[in-house]
Amino acid sequence: MSSHTALPVEPLDVLIMGAGVSGIGAAAYLRRQQPNKTFAILESRERMGGTWDLFRYPGIRSDSDLYTFGFDFKPWNKAKSLADAADILEYLQEAIDEHELEPFIQYKQKIISANWRSDRGVWAVCVEDGHAGQTRTIECRWLFSAGGYYRYDQGFSPRFEGIEQFNGQVIHPQHWPENLDYAGKRVVVIGSGATAVTLIPAMVDKVSSITMLQRTPSYIINQPANDSVAAFLRKVLPAKTAYALTRYKNAKLTLAFWAFCQRFPKLSRKLLLWLTRKELPKDYPVDVHFNPPYNPWDQRLCTVPEGDLFKAISAGKAQIVTDHIERFTESGILLKSGKVLEADIVITATGLNVQMYGGISLYKDGNPVVLSDTLAYKGTMLSGVPNFAFAVGYTNSSWTLKVCLLCDHFCRLLSFMDSRGYTVCEPKAPEGIETRPLLDFGAGYVQRALDSMPRQGPCEPWVMSMDYFRDVKLLRRGEVADKCLAFTVAPNAPLHASVGVQKQGNRR
């Protein structure tokens, strides 16, 4: 059998879906805390990195600082706190190398469906092998979904009237063409989120003109590119201690600011607009272009390192237009106000299509699992679905803060089950429990998908918490056994393969 499909003896203890930030984090945690567990990572694409490898548009970077976006076990040592995709990919590759994960990652392996077999206590996972062009079935005791929350094969593009008449290029950032030449071109970027505010400063020096066309403004906040406190701590403390303190500080500050915005929405709006006015020329119409109709943090705030977007606007190199699109014309876009934006290239930074668990179909003993009928348990498991865990990060702070806590909790749960001889763990939701949408978040991509997502309950452990420090207590320090979890032993559970087999089976 060729190395890309060679697996240790099945059933695997854990099958991880996705080799992005969450999948690499989960595998590293297993290596550190559960060295006797057999596992593999299946990645549908040809390379690791997930989001950071998929997006190739100019300037792509994180909008969370890398002290909190990095893993808790691996210090971020570079000076800049907002990193670009290349730096993040390098960091992820280092994590793979340090934990010797490469042999356990199999590329071009797309999980189509998974059926839980109660009689044997295993998942039968149907996988499309991109190398061999055929499907195969892999058995595992636990399925861990680390596939992020949106579709990789298509971004969200609303229907624009007359788009087929446009003579220029229309590009979605999720499908950025290699070697796109935009030098000297007139560019319009449709959108006002993180992608749009990243693209404009990255392209501004090469284009003849660039316009951010937004229907609704966003809150945009200037963030220093380097963290001076982190730099100071690195000088006087050991690297791990300095990193842990910076991580704690940044998590605390982000959460405090979020809580302040939730509690004092009017005051926080005033504060954000005051900060924006300071960045722009005196007579700039801030209320038109930077004053959203919603409260701060109802949607994610956009950060711009060193105020790069504000600088581009102040220098007259970029402009913002707040208007509605009437239709595309041959040479650009006609707006509802009657104004025409001439363009050679239109970039539709209009968002994502949310997709849970990589779009796989889940079954339990052959019966489909309807996600909207399930409740998220501690934000990492689903009611009524045995031995299934998933990683979804925070919407109000760094994704990885949550992922590290979930992975730690998962490893502790495996230890608990081993110590008691259990093979199956299933969250059971109380009868008649009140439910609400999984994510309390105003972003369009979330709102469009709520009906197809699991739900959450009114209180712990059924809450999708957005509070890192509350989660530290619940997930890292709290008990793993809980009255809402049913632990059992599968009647015909296959024997456990030793990890030695895994090490031999994966040598290249």
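What you see is a predicted model, and the numbers here were worked out from it, not measured in a lab. (Residues numbered from 1 in each chain as written. Predicted model: local features only at pLDDT ≥ 70, side-chain atom pairs only at ≥ 80, totals over all residues. Heavy atoms only, no water.)

A. Local environment of helix H1 (residues 21-33). Taking 1.5 Å of rise per residue, 13 residues should cover 18 Å, and H1 covers 18 Å from first to last C-alpha, within 8% of that figure. Most of H1 is tucked away: 10 of the 13 residues are buried. Buried within H1 are the following residues: Val21, Ser22, Gly23, Ile24, Gly25, Ala26, Ala27, Ala28, Tyr29 and Leu30. (Helix = DSSP H or I, 4+ residues; strand = E, 2+ residues; numbered from the N terminus. Expected span 1.5 Å × (residues − 1). Buried < 20%, exposed > 50% of the residue type's maximum accessible area, 1.4 Å probe, protein only.)

B. Structural view of the nonpolar core. Judged by nonpolar contacts, the single largest core of 144 residues is most densely connected at Leu15, Ile16, Trp123, Trp142, Leu143, Phe144 and Phe290. Here this core gets 13 residues from one element, more than from any other, and that element is helix H11 (residues 399-420). Those residues within four positions of Leu143 in sequence are excluded, and the remaining contacts are Leu15, Ala114, Trp123, Val125, Ile360, Leu362, Asn387, Phe388 and Ala389. The next biggest cluster of nonpolar side chains, apart from the first, holds 13 residues, and it includes Phe160, Ile190, Leu213 and Ile325. (Core = buried A, V, L, I, M, F, W, Y, C linked by side-chain atoms within 4.5 Å. Contact = heavy atoms within 4.5 Å.)

C. Highlighting the packing of H11 against helix H13 (residues 468-477). For the pair H11 and H13, the least separation of the axes is 9 Å and the interaxial angle reads 15°. Taken together, H11 and H13 sit at an angle that is classed as roughly parallel. Crossing of H11 against H13: the hand is left-handed. Residue-level inspection shows Leu401, Lys402, Cys404, Leu405, Leu406, Asp408, His409 and Arg412 of H11 in contact with H13, the latter providing Tyr468, Asp471, Val472, Leu474, Leu475, Arg476 and Arg477. (Axes fitted to C-alpha atoms, helices over the stretch in contact; angles between N-to-C directions. Parallel < 35°, antiparallel > 145°, perpendicular 65-115°, else oblique. Left-handed = near helix turned anticlockwise from the far one by under 90°.)

D. Layout of the packing of helix H7 (residues 239-263) against helix H8 (residues 265-279). The interhelical angle for the contact between H7 and H8, taken along N-to-C directions, is 120°, at an axis separation of 5 Å. With respect to H8, the axis of H7 lies oblique. Across the interface between the two elements, Phe257, Phe260, Cys261, Gln262 and Arg263 of H7 pack against Pro265, Leu267, Ser268, Leu271 and Leu272 of H8. Residues belonging to the contact of H7 with H8 are distributed by class as follows: 7 nonpolar, 2 polar and 1 charged. (Nonpolar A, V, L, I, M, F, W, Y, C, P; charged D, E, K, R; others polar.)

E. Region of interest: the confidence of the model for the chain. Residues with a pLDDT of 70 or more make up 95% of the chain, whose mean pLDDT is 91. Long-range and interchain partners of residues 1-5, a stretch whose pLDDT sits below 50, account for 11 contacts in this model, where long-range means more than four residues apart. (pLDDT = per-residue confidence, 0-100.)

F. Expanded view of the sheet that holds strand S14 (residues 332-335). Across the sheet, 3 strands lie side by side as S13-S14-S15; this open sheet has antiparallel pairing. Unpaired on one side and paired on the other, strand S13 (325-328) and strand S15 (340-342) mark the two borders of the sheet. Direction aside, neighbouring strands of the sheet carry axes that sit 20° apart on average. As defined by bridge partners, S14 adjoins S15 across 3 bridges and the pair is classed as antiparallel. When the bridges of S15 are listed, Gly332 appears paired with Glu342. (Pairing = 2+ DSSP bridges.)

G. Representation of the pairing of strand S9 (residues 209-214). With respect to burial, S9 is a largely interior element, 5 of its 6 residues being buried. Across 5 bridges, the pairing between strand S8 (residues 186-190) and S9 is parallel. Within S9, the position partnered with Arg186 by the bridge is Ser209. In this view, the connection linking S8 to its parallel neighbour S9 by way of helix H5 (residues 194-203) has right-handed handedness. For S9 and strand S12 (residues 318-322), the ladder comprises 5 bridges, and the chain directions are parallel. Pairing of Ile210 across the sheet is with Ala318, part of S12. (Right-handed = clockwise from strand over helix to strand, strands pointing away.)

H. Main features of the pattern of salt bridges. A complete count under the given rule lists 27 salt bridges for this structure. Between Asp13 and Arg141 there is a salt bridge whose closest N-O contact spans 3.2 Å. Here Arg141 lies in strand S6 (residues 134-145) and Asp13 lies in strand S1 (residues 12-17), a separation of 128 residues in the sequence. The exposure class of Asp13 is buried, given its relative accessible area of 3%. (Salt bridge = Lys/Arg side-chain N within 4 Å of Asp/Glu carboxyl O.)

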